[in-house]
Structure formats: structure tokens, C-alpha cells
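Residues per chain are reported as follows:
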Amino acid sequence: MSDFLWKIGGEAGFGIMTTALQFSKLAVRCGCYVFAYPEYPSLIRGGHNTFEVLLSDKRKNTSKDRIDFLVCLNKDTYTLHKHRLAKNAVVIFDKSEFEIEQTAELRLIEFPFNQIIKEEKAKEFMKNMLGLSASACILGIDKSVVEDMVRSTFADKGEEVIELNLKFVNYGYNYINQNYSEYKIDLLSSKSSKPLAVLTGNDAFSLACVLSDCRFYSAYPMTPSSSVLSTLAKWQIKADMVVRHSEDEIAVINNALGASFAGIRSAVGTSGGGFALMVESLSFAGVAEIPIVVFLSQRPGPATGMPTWTEQGELMFAVHAGHGEFPKIVLAAGDISEMIEITVKAFNLADKYQTPVIVLSDKFLSESLFSLDSDKILSLIDNSNIDRGKIIRQTNSETYLRYKDSADGISEMLIPGQKGFFYQANSYEHLEDSHTTEDSEPRVQQVNKRARKIQTYLKTDFQLPKVFGNLQESKLVFVSYGANKGPILEASRILAENDMQTAYIHFTHLYPLDEQRLKTEVFDKINKPLVLVENSSRGQLAELLREQAGITIDKKILKYDGRPFYPIEIINKLAEVL
Amino acid sequence: MSNLSAFNGYQPTWCPGCGDWSIGIAIKTALAQMGFTPSDLIVVFGIGCSGNMNDFLNAYAVHGLHGRGLANAIGAKIANHKLPVVVVAGDGDTYGEGGNHFLHACRGNHDITVIIHDNSVYGLTTGQVSPTAHQGAKSKSTPYGLPEQPVRPLHIALTQGASFVAQAFAGKVPQMIELIKQAINHRGFSVVNILQPCVTFNKLQTYQYYLQRTFDLDENHNKTDLKSVLSFVQKAYEEERFPLGVLYQVEKPVYTDFLQVLKDSTLVDKEKDTKTVAKELLKEFL
């Protein structure tokens, strides 16, 4: 099958998000991969919400520009998207709400949403179920698949809700079968025995937190990180962890640092504004050598910016966050399987280096729905490990030195409780035994000790960027990080179909960087143009590479309107930058 | 009674005559009388002259950021709710920089004791006004007089849900020791506000000032009736007088009582099979 984009739109507050998740789950049950992206304004009612779902027989973590199927629950959906409609696109709308001029280019379906709602005296949001079932019928999904879905989705809502939804499924199927059976597309008529999981980047982070034995997660709600808080809060009993909604982001990180000091793996989640409030405490974690994982999901700033949209404007902020000099690790995932791997690693690195580790995401990754074979996730789970490094419950030495100088820069961290011992996690500069000092010699010793962790990290845990494609045979090489991976790989595929070979350098280990290895093992081998692709106006990964590794990228495809890249945009922009 | 000298760290660097000396001794004495050793508890220190006690008092300790001690203490208590947690902080820490944390710590009734050195000045930064300074107070940061009224810590603690509220005076050590012991023994958020002269920078609230204006609570003081305690505290405030003793104490559930996962074990002691749990949770996404 060729890629097919289904999109639904309607007023905020009417369940568009839930419907798209249900549609995605229906599609994967029919053996199809999905990638879905939501757009919504920062308000609860009114406004316009949309969700677009790409259907494909291959795993593609991107949407596409052309819409093949548009479900309009209001007029805005049509006016805002008509310029994106593909030839022969199916458009479902209600004539009682607005009219669309008949053309040969579109397959228009007049669906009596309002009439059915009125006749049934149903709530307005039930239009969703009509839109969903009408779509399912057109796309050839067996009705029983939809009915099963309804039963499992509303299992805890009671028989009455299930019956009502099943009735509306019937309306959708009957109306299409009776009036528009000629428009049916045989796209999703098969059933799959192979289970695909559908989860967002935030879901993947949450799952990996549990897997990593994170026992304390604190946060203050902030889009687009909030769903991690709600997901982990929902799971806290099953996961045997404490999830705390603290009074502000300063409390959030200091709660977590207190918990981490007391011996348990702890993490926090936020977006740029909340992260800004945490920054002083990040520096405290650095000097006191307290492990902490910070999930930073970016959105367009500055300040409140555009809360529900996407951007990658905080890479340099994350890298440089914190006053004074201390080691810090910044990692980023490009899709959900990377998110699971990176998060498990982040917890291990935080413990190993007893320092902050930032997991960078953005709205595009955090809130998009990705599909993945569940076997793949199961094997990620099975292959994961928990390594607490030099964190110990008991010391056998007679004198315990919390900040003992060492060749790798890492000292034993004793979990408080062992009789006969005590020490401080000290935010002041300190001696090896953790007492405060302002003397020259121990100051230099401790600064060097902490800095040595960076060398240890580069030697043992840093990973070079992943290279997709062949660097030598390519006409150009894309460079990026995060969920841009999806659109870039799809752009590369389309370009290859048109006889243009490209490669992609995908960073997951963003900071610190090993200048030598980056040059000799990757960038020195390239004599083709490098093209940075980033959701920001400055191209911060290029800034970072120049600053940290002396690598220059002057060709940049940048997008900073709050929307993620479509593959075709990357392709179209190439002509301008090359 | 355990060994008091086990708590002795470095020789303190406080000014001669500073109230911190007696508070430091009172805390150590209280801990020793309660049978604690430095390995038996977590102490979180703020930043300021009071916070400098970090090097003078031995314990499993956090010497964190100005104002954030309570937030660290809450996290530590959640991670290991069997260990006593004490916060030693100043009035700048608790009522200024960390005011929001104080409000919410009261509200959460976390089983933590906070001992506040209330001297109405910022000593370590050489004498600017603190949140409890009097309206009109002149200092380096307020040469023409402080426009604001003082923060009323007892009122805040009482109205926001602290289940133990006491006030002590650094000039009355035996009473201070008793109050600290009662506070640590209390199950819930216990606040001990200690009135403390700063001999170097505060020329108004001196030992003489407090000797004249402090008074012990009557034996019949009803410490469980919030309404009467509030009006009592308000009256004292209006008269610029300072009651000493346990003003308020009630039993009620503490924060960790509401956390189901802490019923059988502390978080730090849990044994878990996270792979099995993760596989179970993955089913939600199929």
C-alpha cells in the first residue's frame, strides 16, 4: 500500500485526541503501521484540534503533507486543510453545518452528524464515534474489529456506554454502506495477528522509568511533558513508586534530589520554563554529586511561547544550564525505541557519574503516536540492565570519604543509614570527607575530580552519532537529532527513489562530545555538503558542534513556526540551501 | 542518652554571643538525650549563619541551596520514611527564599521537624533585613526603612496545616532542648521557631528585647483548639510579645500515610522485578 494520511479535526474539548488514538489502534490491528501527530491550541474549549494519522505498510515516524482522508467535525477543519487535500481525497462533512462545492477532484461524503446526534439526544462528542466508524467502513475495516475496540476501550465505563457506542458504530457503517459504498477503499481489510504497540514518546519515557527502577518521579504540569506525570501517577501502585506533583519546579527538583540523596533513583520532567526554574538546583546536583534524571520536553519559547507546539530551541540551554562548572550529560531520542534505550541509559549514567543527566525531547516526539512491534519493545525490556555504579548500601572501609579523589573522578556514594558513618551532600566546595572548604588545594582537587568524570564518560559511555546511508556515495549528508529522524529518513528514501543518494547523521549523545572521534571517525570522512535540519531558528546543533568539536555546518534547513517537518518540506528546501 | 560529643563536628565559626551557639548545643543535646547517633537521622541545612551548622553537627546531611532545605527534606523522607528528618534553617531560608516550600510543607503535614533560626537579619551577607524584620527597620538594604510588615511565621504554620507549632528563645536553653525533643518526637510537620538575637547586626531585637517580651505559655494553654490558638497568637503579635512553648499540637495523618506503596516497606528498601512490571504495563499500548 502507498502511504495514506487520515486526519480528523474539530472543536477542542470534543474528544479528537481519544478518537485518533482509537483510530490508530484500529489501524495497527489491521496490520498497518501508524504515525500520528496532534495539533491543539493552549485552551480547553473552543479553538481547533486536529490529529493526523499516517497509515503505512512500513514503519515511518513521520507524517506527510498530502491528506487523503479528512473528517471534518466542523467547518474550520475544511477551511484550514483544503489546500493540503490530495487528488481524490475523501472528505466527510455535515451539509447542515457548511457546504463544499462538488468537484471531480474530491470524494465528498455528506454525513448527517447533527441529525443523528439530535435524533438520539446524544452528547456532541459522540460525533467522534460516527466519524471514526464511517472512516473505518470506508477503509474496509471489518466492523467486528471496531466493535471489539469499543468494548475494550469502554470496559470500565459500563454496559450502557458500550451499547451507546456500538449503536453509533452501526450508524456509521450503515450510512456509508447504504449511500457511499462506491467510495470504499480496500486499505485495512486484513486482520493482523502480529501485535503492534502504539505509544507516544512520553509513554516510552514513562515505561522506561518504570523499567529503570525509578522510584520517585516529581513534576509540575507543563506541556508537553505533562502526560509523563499523569501516566506515572496512574501507574504508581503497579510500579511501586511514588509520583509527586510538587508545588513548583524548584520543589520538584529539590524533592527529587532529596530522594536521590536518600538512596533511590529519582527523576523529574518539565519543559523549558520549568527547567529554567530548576537550573540552580542542577548545579547543586553537580557539586554535591547527586544522581538525577531530568526529562526536558521542548516547546517554542521564549517565556510562555507557544505552549502546545513543537520546537528544538533549548539544546544550548540544556547543555549550558547551571552556574559554575560541573559535569552533565545530555542525551536525546529520535523515536520510541531510542527513547526506551536512552532513558534506561540515562538512569545508569546518572548513578554511575552521580551527576545530572538530561533526556531531551520535544512536543513532536513527546506527543506523537508511534507504532512498533511489541516484540521489539519486549526485547528492549529483556536486554535492559540496571547498574548503580559506585552507589553502595554498606562500606567496609574504616573511614568513609564521600568525595574521595579517584582516577575516574567517581567516589563511592553511601546510601544514608549505615551505623557508624555520616557525611554531607554539600553544595559548598568541600574536602574529600565532605566538610566545607575554601582552601586552594582541595578546591582544585575537587574541581579536577568532577571534571575527570567527563573524560571517563567519553572513554566508556559516549556514543558517536548513528549514520544512516553511505557517507561516501551520498550527494549530501543531513545532520540532526530528535524526532526529525523520521521526516529526514523518509525524505532520504524519496530522494533515493529519484536517484539522489543522501545520508543522515543522527545524534543521540549530544553532550559532552568527543571532538577527536567525531572528526576522525565521522566528519573527516565526508567531502559532501552537510545540511543541518532543526526545528529552531538558529540551528543549535550546528552551534554546539562548532563550539565543542570545531565542526562547521553552514547549510541549514530550519523551521520554527511551531510545526514539525514534513519530508517534502526538507526536499523542497534543499534547492535553496545547496 | 547517647554520646553528645559524637555530634561534634568542627569548632563553630559563629560570632561570640550569637544565638546560634545555644541553638547548636540545644539540638545536639536533644538528639543525644533521645538516644540518637549521627548515623540515625538525616539533617538538612539551609544557607546562612544557621546553615553553617552543617560542619559543626554530625549527621547524614544535606547542605543544599538557600531556601530549598524543606524541599530536599520532603524528598528524603519519602525515600526513607523510617529515618527521622530534621531541617535546620534560617528565617531567610524558610520565610523568604523558601516561603512557598514552607507553605506547602505545612499543608502536606510531612513528618519532618524544621528548626528556624529567626533573628530578623541576614547575618551572613552582613545584616540586611530578613522577612521577620519590623516595619521601618533600617539596614544596608533598607537605609530609609523597611516598608513591609514582618512575616508572621506562627500564623502561617497554624493556618496552613502544621500539626506541631512551637516557639523558643535562644536565651532559654533548657526549654529549647525540651521543645526540640517534643518536635522530633511529634509525628507530623513540626515547626520550632527560635527567636535569636544577632549580636553583630541586629541592634533592635537584642537579648534584652526578647527577655522583656517573651513569656512562657500558661500550663492551661489549650494547644489543640486552632481557633483559640490563632487568636492568642494574634493578640501576642499585636502586643509585640512572644509566647514560648508548644502553641499547637494535634495528631493527624502525615503525608506518607497517604502513599499506598509505602505501607509495607520504605522506597529505599524495596526489592522489585521491574522487567515484569514494564511488560505488564506495555499491554496498555497494544
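Residues numbered from 1 in each chain as written. Chains lettered and ligands numbered in written order. Predicted model: local features only at pLDDT ≥ 70, side-chain atom pairs only at ≥ 80, totals over all residues. Heavy atoms only, no water.

A closer look at the pattern of salt bridges
- On inspection of all chains with the given rule, the structure shows 49 salt bridges over all chains.
- Here Lys238 of chain A ties to Glu284 of chain B by a salt bridge, and the two come within 3.9 Å at their closest N and O atoms. Of this pair, Lys238 of chain A sits in helix 8 (residues 226–239) while Glu284 of chain B sits in the segment after helix 9 (274–282), each in a different chain.
- For Glu284 of chain B, a relative accessible area of 29% gives the class partly exposed. (Salt bridge = Lys/Arg side-chain N within 4 Å of Asp/Glu carboxyl O. Helix = DSSP H or I, 4+ residues; strand = E, 2+ residues; numbered from the N terminus. Buried < 20%, exposed > 50% of the residue type's maximum accessible area, 1.4 Å probe, protein only.)

Here we look at the packing of aromatic side chains
- All told, the structure shown has 32 aromatic pairs over all chains when counted by the stated rule.
- Relative to Tyr504 of chain A, the ring of Phe468 of chain A lies with its centre 5.9 Å away and its plane at 15 degrees, an arrangement referred to as stacked. Here Phe468 of chain A, found in strand 18 (residues 466–468), pairs with Tyr504 of chain A, found in strand 20 (residues 502–507); they are 36 residues apart in sequence, far enough to count as distant.
- Its relative accessible area of 26% is what places Phe468 of chain A among the partly exposed residues.
- When the ring of Phe169 of chain B is compared with that of Tyr210 of chain B, the centres are 5.6 Å apart and the planes differ by 50 degrees; the resulting orientation is tilted. A residue pair is termed long-range when its members are at least 10 positions apart, and Phe169 of chain B in strand 7 (residues 164–169) and Tyr210 of chain B in helix 7 (residues 207–213) qualify at 41 residues. Note on accessibility: Phe169 of chain B and Tyr210 of chain B belong to one class, buried.
- In textbook terms, an aromatic cluster arises when at least three aromatic residues are bridged by ring pairs, as seen for Phe111, Phe113, Tyr175, Tyr180 and Tyr183 of chain A.
- Against the face of Trp309 of chain A rests Arg563 of chain A, its NZ or CZ located 3.8 Å from the ring centre. (Phe/Tyr/Trp six-rings, centres within 6.5 Å; stacked < 30°, edge-to-face > 60°. Lys NZ or Arg CZ within 6 Å of the ring centre and 35° of its normal.)

Quick look at the layout of surface pockets
Residues and elements named next belong to chain A.
- Looking at the largest pocket, its volume works out to about 1200 Å³.
- Counting only elements with at least two residues in the lining of the largest pocket, the list comes to helix 1 (16–29), strand 3 (46–56), helix 5 (143–153), strand 7 (196–200), helix 8 and helix 13 (363–367).
- Per-element tally for the lining of the largest pocket: the top contributor is helix 1, with 6 residues.
- Split into classes, the residues belonging to the lining of the largest pocket amount to 16 nonpolar, 14 polar and 8 charged.
- Both domains that meet at the lining of the largest pocket, namely domain 1 (4–193) and domain 2 (198–383), each give it at least three residues. (1 Å grid on protein atoms, 1.4 Å probe; cavity = no way out; pocket = protein on both sides within 12 Å on 5 of 7 lines; lining within 4 Å. Points joined across faces, edges and corners; volume = space filled by probe spheres on them. Nonpolar A, V, L, I, M, F, W, Y, C, P; charged D, E, K, R; others polar. Domains from an automatic or database assignment.)

Remarks on helix 15 (residues 440–460) of chain A
All names here are of chain A.
- Under the 1.5 Å per step criterion, the end-to-end length of helix 15 is 31 Å for 21 residues, consistent within 8% with the ideal 30 Å.
- All buried positions along helix 15 are accounted for by Pro442, Gln446, Lys449, Arg450, Lys453, Thr456, Tyr457 and Leu458.
- Those residues of helix 15 hidden inside the fold are in contact with helix 10 (272–288), strand 12 (329–332), helix 12 (336–353), strand 21 (509–511) and helix 17 (515–522). (Expected span 1.5 Å × (residues − 1). Contact = heavy atoms within 4.5 Å.)

Considerations on the nonpolar core
Residues and elements named next belong to chain A.
- Judged by nonpolar contacts, the single largest core of 161 residues is most densely connected at Phe507 and Phe523.
- Looking at this core element by element, the count peaks at 10 residues for helix 12.
- Leave out the neighbours within four places in its chain, and Phe507 touches Ala332, Pro465, Val479, Ser480, Tyr481, Gly482, Leu513, Leu518, Phe523, Leu541 and Leu545. (Core = buried A, V, L, I, M, F, W, Y, C linked by side-chain atoms within 4.5 Å.)

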